[in-house]
Structures are given as structure tokens and as C-alpha cells.
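# Working through the structure, step by step
Here are the chains, one letter per residue:
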Amino acid sequence: MKSLRARLLWFLLAAIVVAAGIQAFVAYRTVLDEADDIFDHHMQQMALSLRAGLPPSGTVGGLGNLGATEENFEFIVQVWTVDGILIFQSASHAALPQRAVLGFSNVQARSTTYRVFSMTAGPLVIQVAQDMAARRRMAGSLALRTVGPIALAAPLLMLVVWWVVSFSLAPVARVRRQVAERQADDLSPLSESDLPEEVRPLVHELNLLFDRVRKAFEAQKHFVADAAHELRSPLAALKLQVQGLQRATDDPTRELAVARLAAGIDRATRLVEQMLALARHEASAASGAEREEVGLPELARLAISDAIAAAQARRIDVGVVQADPVRVAGQAEALRMLLRNLLDNAIKYTPEGGRVDVNIAAVPDGVELSVDDSGPGIAVDECERVLDRFYRSGEPQVPGSGLGLAIVKSIADLHGATVRLERSASLGGLRVVVRFPAPA
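Residues numbered from 1 in each chain as written. Predicted model: local features only at pLDDT ≥ 70, side-chain atom pairs only at ≥ 80, totals over all residues. Heavy atoms only, no water.

## Here's the deal with helix α2 (residues 132-168)
Helical periodicity: at 3.6 residues per turn, an α-helix aligns residues three or four positions apart in one direction. With 37 residues, α2 ought to run about 54 Å at 1.5 Å a step, and its terminal C-alpha atoms sit 52 Å apart, in line with that. At Val-147, α2 shows its strongest bend, of approximately 30°, with the proline Pro-149 following within four residues. Residue Asp-131 occupies the N-cap position of α2, its side-chain oxygen lying 3.0 Å from the main-chain nitrogen of Ala-133. (Helix = DSSP H or I, 4+ residues; strand = E, 2+ residues; numbered from the N terminus. Expected span 1.5 Å × (residues − 1). Bend = angle between axes of the 7 residues up to and from the residue. Polar contact = N/O pair within 3.5 Å; in protein donor to acceptor, adjacent residues only side chain to side chain.)

Quick look at the structure:
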């Protein structure tokens with residue numbers, strides 16, 4: 001049985017049937033035992049009543065008024081002398097033994113079993129007997145009346161269980177219908193209202209999966225749209241530069257055209273690299289990659305080693321001014337890409353012979369990573385816009401794709417950090433501050 005509903009109904013209904021059967025059996029046996037005690041008590045009381053009515057001497061003549069001609073086969077009463085002479089019996093042909101064990105006993109007689117109670121009354125012995133078959137019939141009738149309500153309640157309880165199980169699993173069936181009826185591109189979250197606590201975590205994780213898939217699709221669409229929009233201009237520029245190279249008539253003109261073509265190829269390569277880096281990061285964020293404890297000082301040294309060649313080519317001093325031993329929870333490669341883009345952007349806009357400083361400091365409400373440069377800085381009204389994709393500030397001759405700070409912003413958002421651009425108080429250029437939340 002793969003159906004949860006069928007499995008619950010099967011086991012619950014089977015449990016009800018078994019429990020009702022056990023309860024009925026126990027009730028039946030209990031009623032029979034109680035009936036035996038009641039009938040035994042009646043027999044004992046009847047014998048005691050007869051003993052009170054016997055003459056003290058126990059003579060035969062004194063019992064003449066006890067003779068009975070009407071037979072009563074439910075209770076048989078006999079009175080014996082100690083010599084074994086029957087002086088009274090309530091039913092003829094009783095054929096009970098002349099001598100009986102005092103107290104209660106079972107006696108085989110007349111092809112049946114009798115329950116017999118015997119007691120002495122002076123020189124006499126009183127016997128009261130009852131046919132066990134008649135006793136079982138009366139006790140069984142009483143027991144069946146006791147078990148009857150149980151047999152009636154069991155089907156009603158089964159109907160209640162069937163309704164409760166069906167009602168409790170109705171939200172699960174609703175979720176199944178929602179999933180079955182939605183389109184392939186519909187990644188909206190499923191409703192978690194009225195779901196059982198055992199099923200709600202599953203639906204919650206399914207909604208998280210839908211959200212990750214939706215982000216992955218959006219990242220793919222953004223990449224395709226950005227590539228279609230942004231690669232058109234560099235490719236057109238490369239085509240014009242190739243045509244200029246073809247029209248070159250002398251060596252100086254040809255060399256200038258080759259230099260422009262090489263610069264155009266470098267810009268297009270850098271643009272493609274940045275776009276692929278952004279797409280790779282967004283895909284990693286959408287997939288929900290696991291985080292780890294990352295030491296920012298070690299990461300800063302690695303990022304500086306990546307950017308040192310470009311800094312030395314322009315005689316720019318790049319170094320770490322302050323590096324508190326702090327760690328943040330995140331993705332090491334993504335954080336390295338963040339710092340590398342900050343350094344590349346600072347080196348690109350800093351004049352030759354300038355300076356770029358990296359600071360890592362623990363602050364009361366988190367961790368701050370900042371990069372200062374001695375470049376021209378950014379106007380206040382552009383500090384927010386430069387975080388958008390493909391927006392470029394500064395002199396147009398500075399090579400770039402307009403994606404560096406956008407990648408920084410995207411990685412910071414992934415780690416719950418904020419990005420702030422301001423003027424550097426120490427170097428006079430741009431200061432980019434990334435503030436991470438306090439570690440848990």
C-alpha cells in the first residue's frame with residue numbers, strides 16, 4: 001500500500017476491529033464470571049432459607065408441608081438425612097447423588113452437568129442444584145447484551161476514523177492538485193496553510209527549491225539579456241577596427257589600427273570574463289551553496305597576490321593597512337571575487353604612482369572590509385548608480401565593463417552585507433566599505 005491514506009485507514013480500522021474483539025471477549029468472560037457468582041449466591045441464599053424453615057428435630061413428619069408435585073428444573077432442591085434417606089425433592093427423577101460434598105461442586109447427572117451447593121441443617125443435608133446449560137444460556141444472554149453496544153460502536157468508530165483521516169489528509173491532496181495543475185514555468189510557492197506539522201516542512205522545502213530554481217532561471221535570463229545587449233557594441237567596435245586595419249595604407253596607420261584592435265579585444269575579453277563571473281556567481285547563489293567560516297585577512301592576501309601584477313605595471317602601492325583576525329560565514333571563492341573586483345576597480349582608476357589600502361576591522365555590530373584609493377573618487381549623486389550593471393563613471397578612456405561594482409553588490413547581498421561608497425579620508429579618493437553582519 002503506497003497510499004498514506006489507505007495505509008492509515010487499514011491499520012486504524014484493523015486496530016479498531018482487534019481492540020473491539022478483545023474488549024468483547026474480555027467483557028463476555030467477565031459477565032460470565034459475574035453471572036456464576038450471582039447464581040452461586042442465589043443457590044446459597046436458597047439453601048439458607050430452607051434451613052431456617054426446617055424443624056429443629058429434622059423429623060420426616062415435620063417436612064410434610066415441603067412436598068412439591070410441580071417440577072422446577074431450573075433449581076432442584078433435595079433434603080437428605082444423615083443416613084442417606086431422601087425426605088424431600090422439588091423435582092422428581094432428579095437423579096442427583098445421595099451424598100454430596102459440602103459447599104459447591106459440579107456433578108454429572110441426567111446427561112448434563114449440575115452446579116450443586118450442599119450444606120448441613122442439624123441432622124439433615126440440604127442440596128440446591130442448577131443445570132449448567134440453563135445457567136450458561138441465561139449468562140450468555142446477559143453477556144451478549146453487554147457486548148452488543150461494543151459491536152454497535154465499532155462500525156461507528158470506524159466511520160469516524162475514516163472521516164478524520166480523510167479530513168486530515170485533505171490539505172495534502174490540495175497540494176498535490178496544485179502541483180499537478182500548474183504549468184511548467186509556474187514556480188510560485190505552494191500554500192502552507194492548514195497543513196499538518198508532519199507535511200509542512202516538506203512543502204516548505206519544496207517552496208525553497210522552487211525559489212532556487214526561479215532564481216537560477218532569472219539569472220540565466222539576465223545573462224542572456226545582458227549578453228545580447230552589451231556584446232553588440234564591442235563586437236561592432238571590433239568590426240570597425242578591423243575595417244580600419246584593412247584600409248590602413250602605411251605602417252604608422254596600420255600600427256595604430258592594430259593597437260586599437262588589441263585594446264578592443266582586451267575590452268571585449270574583460271567584458272565576457274566579468275559577465276561569466278557574474279553569471280557563475282548568480283548561479284551559485286541560486287543553487288544555495290553551503291557556507292563556511294572564511295578568514296578575511298587570508299582572503300585579502302590572496303586577492304592582493306592576484307592583483308599585484310596590474311598594480312606594479314602602474315607603480316601603484318597596494319597593501320593591507322589593518323587586518324583584524326576576523327572570520328565571516330560565506331563562500332570563499334565569492335568573497336575572493338568581491339575583493340578582487342574592488343582592487344581591480346581601485347587600481348584601474350588610481351593614477352600611476354598612487355596608492356590602494358585594504359582595511360579589515362571588527363566593529364561592534366559586525367565586520368568592515370574597506371578599500372581606499374588615491375584616485376579621483378565618485379560624485380555623491382553617482383554613488384548609488386555605479387552599483388548598477390553596465391553603468392560607468394569617470395573618464396571614458398579608462399577601460400572597463402561597468403560590472404565590477406555590480407558583482408561586488410551581488411556578492412554582498414548573498415552574504416547579507418551592505419555596500420557603502422564614500423570619499424576616503426586618508427587617501428582622498430574613493431572608499432568602498434562592505435559591512436558584514438556580526439558572526440553568529
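## Notes on the confidence of the model for the chain
The predicted coordinates ought not to be read in detail in places where the model reports low pLDDT. Looking at the chain, pLDDT values average 78 and 83% of them are 70 or higher. In this model residues 60-70 is a low-confidence stretch, pLDDT under 50, and it forms 14 contacts with partners more than four residues away in sequence or in other chains. (pLDDT = per-residue confidence, 0-100. Contact = heavy atoms within 4.5 Å.)

## Observations regarding the sheet that holds strand β12 (residues 430-437)
Strands sit in the order β7-β9-β10-β12-β11 across an open sheet of 5 strands; the sheet is mixed. Of all strands in the sheet, those bounded by a partner on one side alone are β7 (317-323) and β11 (418-423). Across this sheet, the average inter-strand angle for adjacent strands is 15°, counted without regard to direction. Bridging between strand β10 (residues 366-373) and β12 involves 7 bridges; their strand directions are antiparallel. In the sheet register, Val-371 faces β12, and the bridge partner there is Val-432. Against the sheet, helix α8 (residues 332-349) makes contact with β7, β9 (355-363), β10 and β12, and its axis sits at roughly 25° relative to β10, the strand it touches most. (Pairing = 2+ DSSP bridges. Axes fitted to C-alpha atoms, helices over the stretch in contact; angles between N-to-C directions.)

## Things to note about a nonpolar patch on the surface
On the surface, Leu-157, Val-160, Trp-162, Trp-163, Val-164 and Phe-167 cluster together into a nonpolar patch covering about 640 Å² of accessible area. Looking at where Phe-167 falls in the secondary structure, it is placed in helix α2. Accessibility expressed as a relative area gives 57% for Phe-167, which makes it exposed. (Patch = residues over 30% accessible without salt bridge, like charges linked within 9 Å, V, L, I, M, F, W, Y side chains within 5 Å. Areas by Shrake-Rupley, 256 points an atom, 1.4 Å probe, with all protein chains shown as cover. Salt bridge = Lys/Arg side-chain N within 4 Å of Asp/Glu carboxyl O. Buried < 20%, exposed > 50% of the residue type's maximum accessible area, 1.4 Å probe, protein only.)

## Quick word on the packing of aromatic side chains
Note on aromatic pairs: each is described by the distance of the centres and the angle between the planes. One pass over the full model with this rule turns up 2 aromatic pairs. Judged by centre distance (4.7 Å) and plane angle (45°), the rings of Phe-104 and Phe-117 are tilted. Placement of Phe-104 in strand β3 (residues 103-109) and of Phe-117 in strand β4 (residues 112-121) is noted, with a sequence separation of 13 residues between them. Here the aromatic rings of Trp-163 and Phe-167 are separated by 5.3 Å at their centres, their planes lie at 10°, and the arrangement is stacked. In this pair, Trp-163 and Phe-167 both sit in helix α2, 4 residues apart, roughly one turn of the helix. A single burial state applies to Trp-163 and to Phe-167, both of which are exposed. (Phe/Tyr/Trp six-rings, centres within 6.5 Å; stacked < 30°, edge-to-face > 60°.)

## Remarks on the pairing of strand β2 (residues 86-89)
Pairing of strand β1 (residues 75-81) with β2, which is carried by 3 bridges, proceeds in the antiparallel orientation. Within β2, the residue paired with Val-79 across the bridge is Phe-88. Counted along the chain from β1 to the antiparallel partner β2, the turn is 4 residues long, and its residue Gly-84 has a positive phi close to 90°.

## Some remarks on the nonpolar core
The biggest cluster of nonpolar side chains holds 43 residues, and the ones touching the most others in it are Leu-343, Leu-421, Val-434 and Phe-436. No other element matches α8, which puts 9 residues into this core. Counting residues in each nonpolar core, the second largest holds 13 residues, with Val-77, Phe-88, Ile-126 and Val-128 among its members. (Core = buried A, V, L, I, M, F, W, Y, C linked by side-chain atoms within 4.5 Å.)

## What about the side chain of Asn-359?
Note that Asn-359 resides in strand β9. Judged by relative accessible area, which is 15%, Asn-359 ranks as buried. Setting aside anything within four residues of it in sequence, one finds Asn-359 in contact with Val-321, Gln-322, Glu-368, Leu-369, Ser-370 and Asp-372.

## Side note on helix α9 (residues 404-414)
Of all the 11 residues making up α9, 8 are buried; the element is thus mostly covered by neighbouring parts of the structure. Listed as buried for α9 are Gly-404, Leu-405, Ala-406, Ile-407, Val-408, Ile-411, Ala-412 and Leu-414. Backbone geometry just downstream of α9 places Gly-416 in the positive-phi region, at approximately 70°.

## So, the environment of Ala-20
Take Ala-20: it is sitting in helix α1 (residues 4-53). Looking at Ala-20, the relative accessible area reads 15%, which means it is buried. C-alpha separation for the pair Ala-20 and Ala-154, spaced 134 residues apart in sequence, amounts to 6.5 Å. Contacts of Ala-20, omitting those with residues within four sequence positions, involve Ile-150 and Ala-154.

## Concerning unusual backbone geometry
In this model, Arg-315 sits at a positive phi of 55°, which is unusual for a non-glycine residue. Within the fold, Arg-315 resides in the loop between α7 (296-313) and β7.

## Points about the pattern of salt bridges
Going through the model one piece at a time under the given rule, you end up with 14 salt bridges. Here Glu-368 makes a salt bridge to Arg-435, at a shortest N to O gap of 2.1 Å. Here Glu-368 is found in strand β10, whereas its partner Arg-435 is found in strand β12, with 67 residues between them in sequence. Taking relative accessible area as the criterion, Glu-368 reaches 12% and is therefore assigned buried. Residue Arg-435 is classed as partly exposed on the basis of its relative accessible area of 26%. In this structure, the salt-bridge partner of Asp-413 is Lys-409, at a minimum N-O distance of 2.9 Å. Of the two residues, Asp-413 and Lys-409 both sit in helix α9, 4 residues apart, roughly one turn of that helix. Asp-413 sits in the partly exposed class, given a relative accessible area of 44%. The network of salt bridges with common partners includes Asp-372, Arg-420, Glu-422 and Arg-431.

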